[in-house]
Amino acid sequence: MQNEPLLRVDGLRVEFPGRRGTLVAVDDVSFDIAPGEVLGVVGESGAGKSMTGSAIIGLLEPPGRIAGGSISLDGRRIDNLPYEEMRRIRGKHIGAIFQDPLTSLNPLYSVGRQLVETITTHSDISEKAARDRALALLQEVGIPAPERRIDQYPHQFSGGMRQRVVIALALCANPRLIVADEPTTALDVSIQAQIIALLKRLCREHGTAVMLVTHDMGVIAETADRVAVMYAGRIAEIGPVRDVIKNPRHPYTVGLMGSIPRMGHDAERLTQIDGSMPRLTEIPAGCAFNPRCPYVFDRCRVERPDRMAVAPFHEAACWKYADGVGHA
Amino acid sequence: MRDAAPAKPGKGPLVKVVDLARYFDVSPPLLNRMLEGKPRQILRAVDGVDFAIGKGETFSLVGESGCGKSTVARLAVGLYRATRGSIEFDGHDFGRMTRRQDMAPIRSRIQMIFQDPYASLNPRWRVREIIAEPIRAYRLLSGDRAINARVDELLRQVRLTPADGTKYPHEFSGGQRQRISIARALASNPEFLVCDEPTSALDVSVQAQILNLMKDLQRELGLTYLFISHNLAVVYHISDRVGVMYLGRLAEVAPARALFRRPRHPYTRMLLDTIPDMDMTGRQRMPVAGEVPSPINPPSGCAFHPRCPFANDRCKVERPNPLPHDDALVACHGVEEGRVPEGPIAAPRAA
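Note that the structure is predicted; figures quoted are calculated from it, not measured.

1. A look at the overall build of chain A
Working step 1: Within chain A, the regular secondary structure consists of 12 helices and 12 strands.
Working step 2: Here chain A has a C-alpha radius of gyration of 21 Å; the compact-globule value for 328 residues is 20 Å, and the two agree.
Working step 3: Once the C-alpha set of chain A is aligned to its principal axes, its extents read approximately 65 × 50 × 40 Å.
Working step 4: Within the span of chain A, comprising 328 residues, buried residues form 54% of the whole.

2. Some words on helix H5 (residues 144-157) of chain B
Residues and elements named next belong to chain B.
Working step 1: Its 14 residues place the ends of H5 20 Å apart at the C-alpha level, agreeing with the 20 Å of an ideal helix rising 1.5 Å per residue.
Working step 2: Within the span of H5, buried status applies to Ile147, Arg150, Val151, Asp152, Leu154, Leu155 and Gln157.
Working step 3: For H5, the secondary structure elements touched by its buried residues are helix H4 (127-137), helix H6 (174-186) and helix H7 (204-221).
Working step 4: In the segment just after H5, Arg159 is the residue with positive phi, at about 65 degrees.

3. Thoughts on the sheet that holds strand E11 (residues 308-311) of chain A
Two strands in a sheet stick together by hydrogen bonds in their backbones, pointing the same way (parallel) or opposite ways (antiparallel).
Residues and elements named next belong to chain A.
Working step 1: Reading across the sheet, the eight strands line up as E6-E7-E8-E3-E9-E10-E12-E11 and stay open at both edges, with mixed pairing between neighbours. Lying at the two open borders of the sheet, with one neighbouring strand each, are strand E6 (94-97) and E11. When the angles between neighbouring strand axes are averaged without regard to direction, this sheet yields 20 degrees.
Working step 2: Bridge count for strand E3 (residues 38-42) against strand E9 (residues 226-231) is four bridges, and the pairing is parallel. Its bridge partner being in E9, Gly40 is matched across the sheet by Val227.
Working step 3: Helix H7 (residues 159-171) rests against E6 and strand E7 (177-181) of the sheet, and its axis sits at about 170 degrees to E6.

4. Thoughts on the domain arrangement of chain B
Residues and elements named next belong to chain B.
Working step 1: The domains assigned to chain B are domain 1 (13-109 + 200-337) and domain 2 (123-189).
Working step 2: When each unit is reduced to the centre of its C-alpha atoms, the spacing between domain 1 and domain 2 is 31 Å.
Working step 3: At the junction of the two partners, domain 1 supplies 13 residues and domain 2 supplies 12 residues.
Working step 4: In total, domain 1 and domain 2 occlude about 1,000 Å² of area from one another, counting both sides; carbon and sulfur atoms represent 67% of this.
Working step 5: Broken down residue by residue, the surface that domain 1 buries against domain 2 is led by Ser108, Leu213 and Leu217, which jointly contribute 43%.
Working step 6: Between the two partners, domain 1 and domain 2, sit two salt bridges.
Working step 7: Notably, a salt bridge pairs Glu220 with Arg159, separated by 3.4 Å at the nearest N-O pair.
Working step 8: Our enumeration of links across domain 1 and domain 2 arrives at three residue pairs in polar contact (both at pLDDT 80 or more).
Working step 9: No other element matches H7, which puts nine residues into the side of domain 1 that touches domain 2.
Working step 10: Among the residues making up the side of domain 1 that touches domain 2, the classes are represented as eight nonpolar, two polar and three charged.

5. What about the pattern of salt bridges?
Working step 1: Counted by the stated rule, this structure contains 45 salt bridges over all chains.
Working step 2: One salt bridge connects Arg304(A) with Asp27(A), and the closest N-O pair in it is separated by 2.6 Å. Here Arg304(A) is found in the loop between helix H12 (298-302) and E11, whereas its partner Asp27(A) is found in strand E2 (residues 21-33), with 277 residues between them in sequence.
Working step 3: Look at Arg304(A) and you get partly exposed, because its relative accessible area is 37%.
Working step 4: Judged by its relative accessible area of 15%, Asp27(A) is buried.
Working step 5: Its salt-bridge partner being Lys167(B), residue Asp164(B) comes within 3.2 Å of it at the nearest N-O pair.
Working step 6: Its relative accessible area of 11% is what places Asp164(B) among the buried residues.
Working step 7: Because the salt bridges share partners, they merge into one network encompassing Glu268(A), Arg269(A), Arg159(B), Lys215(B), Asp216(B), Arg219(B) and Glu220(B).

6. Quick look at the packing of aromatic side chains
Working step 1: Counted under the stated rule, the structure contains 10 aromatic pairs over all chains.
Working step 2: Where Tyr246(B) meets Tyr267(B), the ring centres are 4.4 Å apart and the plane angle is 50 degrees; that geometry is what we call tilted. One end of the pair, Tyr246(B), is in strand E9 (residues 241-246); the other, Tyr267(B), is in helix H10 (residues 266-273), with 21 residues separating them in the sequence.
Working step 3: Tyr267(B) sits in the buried class, given a relative accessible area of 0%.
Working step 4: Taking 5.2 Å as the distance between ring centres and 85 degrees as the angle between the ring planes, the aromatic pair formed by Tyr246(B) and Phe304(B) counts as edge-to-face. Of the two residues, Tyr246(B) is situated in strand E9 and Phe304(B) in the loop between H10 and helix H11 (313-317); the sequence distance between them amounts to 58 residues.
Working step 5: Ring-pair connections join several aromatic residues into one group, and the members of that group are Tyr231(A), Tyr252(A) and Phe289(A).
Working step 6: Across from the ring centre of Tyr295(A), 4.3 Å away, lies the NZ or CZ of Lys320(A), which sits over that ring.

7. Looking at the domain arrangement of chain A
Residues and elements named next belong to chain A.
Working step 1: Entries for chain A in the domain assignment read domain 1 (7-93 + 173-327) and domain 2 (94-172).
Working step 2: Taken over C-alpha atoms, the centre of domain 1 sits 29 Å from the centre of domain 2.
Working step 3: Residue-level contacts link 35 residues of domain 1 with 18 residues of domain 2.
Working step 4: Contact between domain 1 and domain 2 buries roughly 2,200 Å² in total, counting both sides, with carbon and sulfur atoms accounting for 63%.
Working step 5: On the surface where domain 1 and domain 2 come into contact, there are zero salt bridges.
Working step 6: Where domain 1 packs against domain 2, one counts 15 residue pairs in polar contact (both at pLDDT 80 or more).
Working step 7: Within the residue set of the side of domain 1 that touches domain 2, elements represented by two or more residues are helix H2 (83-92), E7 and helix H8 (189-206).
Working step 8: Of all the elements, H8 adds the most residues to the side of domain 1 that touches domain 2, at nine residues.
Working step 9: By residue class, the composition of the side of domain 1 that touches domain 2 is 21 nonpolar, six polar and eight charged.

8. Quick notes on unusual backbone geometry
Working step 1: In this structure, Pro63(A) follows Pro62(A) across a cis peptide bond, with omega equal to 5 degrees.
Working step 2: Here Pro63(A) is to be found in the loop between helix H1 (49-56) and strand E4 (65-73).
Working step 3: Positive phi outside glycine occurs at Arg159(B), with the angle close to 65 degrees.

9. So, H4(B)
Residues and elements named next belong to chain B.
Working step 1: For H4, the full list of buried residues reads Val127, Arg128, Ile130, Ile131, Ala132, Pro134 and Ile135.
Working step 2: Looking at the buried positions of H4, the neighbouring elements they touch are H5 and H6.
Working step 3: Arg139 lies just past H4 and shows a positive phi near 50 degrees.

10. Brief notes about the sheet that holds strand E4 (residues 84-89) of chain B
Residue and element names in this part refer to chain B.
Working step 1: Read across the sheet, four strands follow the order E2-E1-E4-E5 without closing on themselves; strand pairing throughout is antiparallel. Of all the strands in the sheet, the pair left with one neighbour each is strand E2 (42-54) and strand E5 (92-93).
Working step 2: Here strand E1 (residues 13-25) pairs with E2 via 10 bridges, running antiparallel. Within the sheet, the bridge partner assigned to Lys16 lies in E2 and is Ala52.

Conventions and cut-offs
- Residues numbered from 1 in each chain as written.
- Chains lettered and ligands numbered in written order.
- Predicted model: local features only at pLDDT ≥ 70, side-chain atom pairs only at ≥ 80, totals over all residues.
- Heavy atoms only, no water.
- Helix = DSSP H or I, 4+ residues; strand = E, 2+ residues; numbered from the N terminus.
- Rg over C-alpha atoms; globule rule 2.2 N^0.38 Å.
- Buried < 20%, exposed > 50% of the residue type's maximum accessible area, 1.4 Å probe, protein only.
- Expected span 1.5 Å × (residues − 1).
- Contact = heavy atoms within 4.5 Å.
- Pairing = 2+ DSSP bridges.
- Axes fitted to C-alpha atoms, helices over the stretch in contact; angles between N-to-C directions.
- Domains from an automatic or database assignment.
- Buried area = accessible area lost by both parts, 1.4 Å probe.
- Salt bridge = Lys/Arg side-chain N within 4 Å of Asp/Glu carboxyl O.
- Polar contact = N/O pair within 3.5 Å; in protein donor to acceptor, adjacent residues only side chain to side chain.
- Nonpolar A, V, L, I, M, F, W, Y, C, P; charged D, E, K, R; others polar.
- Phe/Tyr/Trp six-rings, centres within 6.5 Å; stacked < 30°, edge-to-face > 60°.
- Lys NZ or Arg CZ within 6 Å of the ring centre and 35° of its normal.

Quick look at the structure:
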């Protein structure tokens, strides 16, 4: 954390204007990612984690739009760039990996053609050199016999192999940042472990920063350096991954950790957070978690908590920790 | 209502499956076979599986996609007919029954919960009608008043309120919909519930609610579960015994605690090694090498041999049968011959 941040998100707000009023999908979200760092973003469906990722790569689906705050990459603001300029940054400086590898690949083009096209778009090299680079990338992401596989089409690859191709595509231009949105969710457990190991290795070897969006705390525990826990469009807690998992501070994180079944933990019942996350149309006043929170008190129902320090580099947005009480 | 006292487990199996197999014909159309000389193709989704489930017990099947676990689930409720073998429920073998009336005496005693609570509830019916359907279909009660009272009771049993009965499925969240599915499954007073990935589509905090509910209901009603999942941690939490499936066969069957503490089959061990280390113990893990081969053309001998670090020539030709080892059944020549070492599998391979 001594490094200058590569990505800085500050007060990001994403809105969906609609006939019945405006929905706020991401509300005042701020975080940094340092070069070579993996930031995990975890939360349940509708928490706004994917929306944050889409805002960063500039691919929010209309009518969704960034309504406030800023996103800077390497000190340069990228949230207000014209479409064409953002398109050049995406791909060259920011790579994207999505959940379903089939939707990120064009079924009509061979894998090699898609790789070569991406490489030549972002760097000034010959077709031949691009093909060599494509072969090297396929090799690097662990596709056996790349010389034979490079001219095949996406449907000829299995799910795990397709996700490797997507990762190769994201790496084409040596991006500084990769936004990976649920990259292992569609895969079998054994393939999942392979893909996580691959992402980790690439990140280490290339010094690429990764924003890893997932609902799976296990994947975060394995991969991330820091983790941000999102709830109802906001970051509830952010901190070093070990700290957050072993010693969660926000009552939502505590409940979330307790609700995950674990091997070797012989609990008869799992911790249960009653109710479910509010819909975007009915986010309660004060702290969004207050109707489900076992520690709720009056202040939580009226005043929205901002993030406050609970430990070194570890912040939680919870009134329990106001006045420094939580430091104990 | 059935007696609330839970049945004692271990009083002889309620469900007994012997050499169960289900093949699917996935051949190209007849014309293509005639013109292009393509052969018939048979997919052996389930190929000789044996297990028994005691009354009040939770037996889980775990495995990766394509291992046949969902096919077993569908066989176990009679949605598919078996190609070979038998499924006995309380003494009735219904694996190969063809006629409706043969199934009738046991039909209402077996129910299923599906993975996707969005797809398994009729969006045009009110929740009360959805839950009442099995009661009406089996003519368990007559008269609207009695049926309504029973539906209210079922709604309360799954921790919803009678007022929820007048709503439509779209008004509920995923977890609440799964509660509705469970209420519908319970409506016919079943003894045996087959749950095919009931929490896979849910968020973890909601998954915890549903798993807790399922355990509570099991205790209250003495239910027997066949639980299908790909999530080993969920299986560990809910099961009494676990069967690990690989390409249509059982690799290992053991009590849940023993299986996870001391897995014996190399596939089980690899599968356990893929689970992320949430406790951050820094344990060395080994990603499983390779992928599950196609069940249309499975490897000879032991289907796992191409991915197994301990495979030898015998494994390539001879199919292993499940043999008892302490309280487990393990289908592995290596374990039988004692050439699979204990402890963590070494030789990590690059991803």
